[in-house]
Amino acid sequence: MKKRLLSIVLLIALFMTLLPASVFALDEIDGWVYVRDSGHLKEALSNTYVNKIRFANHIMIDKKGIVINEKKTSLVIDGQGYTLTDYPSNSSSDAIRLITSSSLKVITIQNMDILGMNSSGTFWVRDSSTMVRTKLIFKDVNYTGPHMVDNPRGTVEIHDSTAYLHLGYSKSYGEVAEASNVVLGGKVDIAKYQPKRDDEIFKITKDAHGGVEILPNANVTVDNAKNEKRKSRGFAYMGVAHGKFIVGDGATLNYDGFNSFIQGYSLVDASIGENAYVYVTTKEDFAGCDGQIEIKGDFRVGKGSTLRMVAESNKKRQPILQLKRTGQIVFDSPKEVLLANSSNNKTYKDYFLSTGPYGCDVNITMYGIKRLEYWHWWRPWGADIHN
């Protein structure tokens, strides 16, 4: 009997030595579970009770990706400076993905480099009405690849991070994020080099009142001028009914692009807070007959702010602001407003404001502008201009 028991024990021991390392219990220190490979990461993300994960090595995602357990109550993935690498693919089935969610509403990804090789996104959230409140937060992340995150019904927040977009393995996509709401905070640097692609940096979808918000005192720089596709959608495409673009107090946005700045079905509310700085430069004719930015509602510039929107090589002399519905432009004591079309260091004496094909009443109110520079103000029918 003893010999039989000993044989069984030895057999079990031999079997255990043949198992991959990821089958063994994960290391846990002070509530953090440490992972060393894709198998470890899959085990941790599949476990209902593992909510805090740290990398202990560089990790490469295997084919078929990883499904996150939707019953988790929270999730933080901390790379500790290591690199997460995608499996080369164009399919969401090879991504780190959340298919459904009963309690998991916030996922934080931080302190890592991401080498993206999946055009569906390194992180992918199912397009479902049950995912409306799902939020993915990226902190101190350096991303290189075609598409960082796809969360069409939810929110994506990016703080103190960088993104360099290029196709690499993928032959499609060129977005940092697709989401209903995008929030940028801290220092965010984005660069894009994808010749012949017309994708936007951010695609806003699904949520009727979604949009892009730059938090107070944030510093955002976007270099999209190397995109050679003539119909580039620019910084953001508003695929929603009531889009918004908000720049918080004291924030800075520098955008250097090829075509339009913001396009889409409608940008209802555009607001630049107090003491903010927004400098938008585009290199070529705008897509279609649209302006650098399309608005169907209000456009406001706050006290002490600087707004510079310059269209270089705009040979068609299209408007900077394209208003498509009744709304109002309010310049409330900004420091400087510059709206101009130019080419070869020559500024065209052309309008920078258009009411578009619909015809609309536009109230334009200006208070205490220290410097306003424009060329050939085309006064729309019915406009009421104050100062």
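Further up the page is the structure itself.
In what follows, the accompanying structure is described. (Residues numbered from 1 in each chain as written. Predicted model: local features only at pLDDT ≥ 70, side-chain atom pairs only at ≥ 80, totals over all residues. Heavy atoms only, no water.)

### Section: the overall build of the chain
Right, on to step 1. Each helix and strand in the chain was counted, giving two helices and 35 strands.
Right, on to step 2. Across the 387 residues in the chain, those meeting the buried criterion constitute 51%.
Right, on to step 3. Considering only contacts within the chain whose residues lie at least 6 apart along the sequence, 76% involve residues at least 24 apart.
Right, on to step 4. When the accessible area of the chain is evaluated, it comes to approximately 17300 Å², of which 51% is carbon and sulfur surface. (Helix = DSSP H or I, 4+ residues; strand = E, 2+ residues; numbered from the N terminus. Buried < 20%, exposed > 50% of the residue type's maximum accessible area, 1.4 Å probe, protein only. Contact = heavy atoms within 4.5 Å. Areas by Shrake-Rupley, 256 points an atom, 1.4 Å probe, with all protein chains shown as cover.)

### What about the environment of Y164?
Right, on to step 1. Along the chain, Y164 falls in strand β13 (residues 162-165).
Right, on to step 2. C-alpha of Y164 to C-alpha of M148: the two residues are 16 residues apart in sequence and 9.8 Å apart in space.
Right, on to step 3. Setting aside anything within four residues of it in sequence, one finds Y164 in contact with Y143, T144, G145, A191 and Y193.

### A closer look at the packing of aromatic side chains
Geometry of an aromatic ring pair is reported as the spacing of the ring centres plus the angle between the planes.
Right, on to step 1. Overall, the coordinates contain eight aromatic pairs when judged by the stated rule.
Right, on to step 2. A centroid spacing of 5.6 Å and a plane angle of 80 degrees characterise the contact between F202 and F235, whose relative ring orientation is edge-to-face. You can see F202 sitting in strand β16 (residues 202-204) and its partner F235 sitting in the loop between β18 (219-223) and β19 (236-238), a full 33 residues away along the chain. Side by side, F202 and F235 carry an identical accessibility label, which is buried.
Right, on to step 3. With a centroid separation of 5.9 Å and an interplanar angle of 75 degrees, the aromatic rings of F235 and Y255 are classed as edge-to-face. With F235 in the loop between β18 and β19 and Y255 in strand β21 (residues 252-257), the pair connects residues that are 20 residues apart, well separated along the chain.
Right, on to step 4. For F235, a relative accessible area of 0% puts it in the buried group. (Phe/Tyr/Trp six-rings, centres within 6.5 Å; stacked < 30°, edge-to-face > 60°.)

### Description of the pairing of strand β15 (residues 187-192)
Right, on to step 1. Burial along β15 is one-sided: the face carrying V188, I190 and K192 is buried and the face carrying K187, D189 and A191 is not.
Right, on to step 2. As defined by bridge partners, β15 adjoins β18 across five bridges and the pair is classed as parallel. Paired with D189 across the two strands is T221, which belongs to β18. (Pairing = 2+ DSSP bridges.)

### Structural notes on helix α2 (residues 38-46)
Right, on to step 1. If you check which residues of α2 are buried, you get S38, H40, L41, A44 and L45. With its buried residues spanning 155 degrees around the axis, α2 presents them on a single face.
Right, on to step 2. Between a side-chain oxygen at the N-terminus of α2 and the backbone nitrogen of G39 the separation is 3.1 Å; the capping residue is D37. (Arc of directions from axis to C-beta. Polar contact = N/O pair within 3.5 Å; in protein donor to acceptor, adjacent residues only side chain to side chain.)

### Topic: the pairing of strand β6 (residues 75-78)
Right, on to step 1. Looking at chain direction, strand β3 (residues 52-55) and β6 are connected through three bridges and run parallel. Bridge pairing in β6 links I53 to I77.
Right, on to step 2. Two elements, β6 and strand β9 (residues 106-115), share four bridges in a ladder whose sense is parallel. Bridge assignment links V76 to a residue of β9, and that residue is T108.

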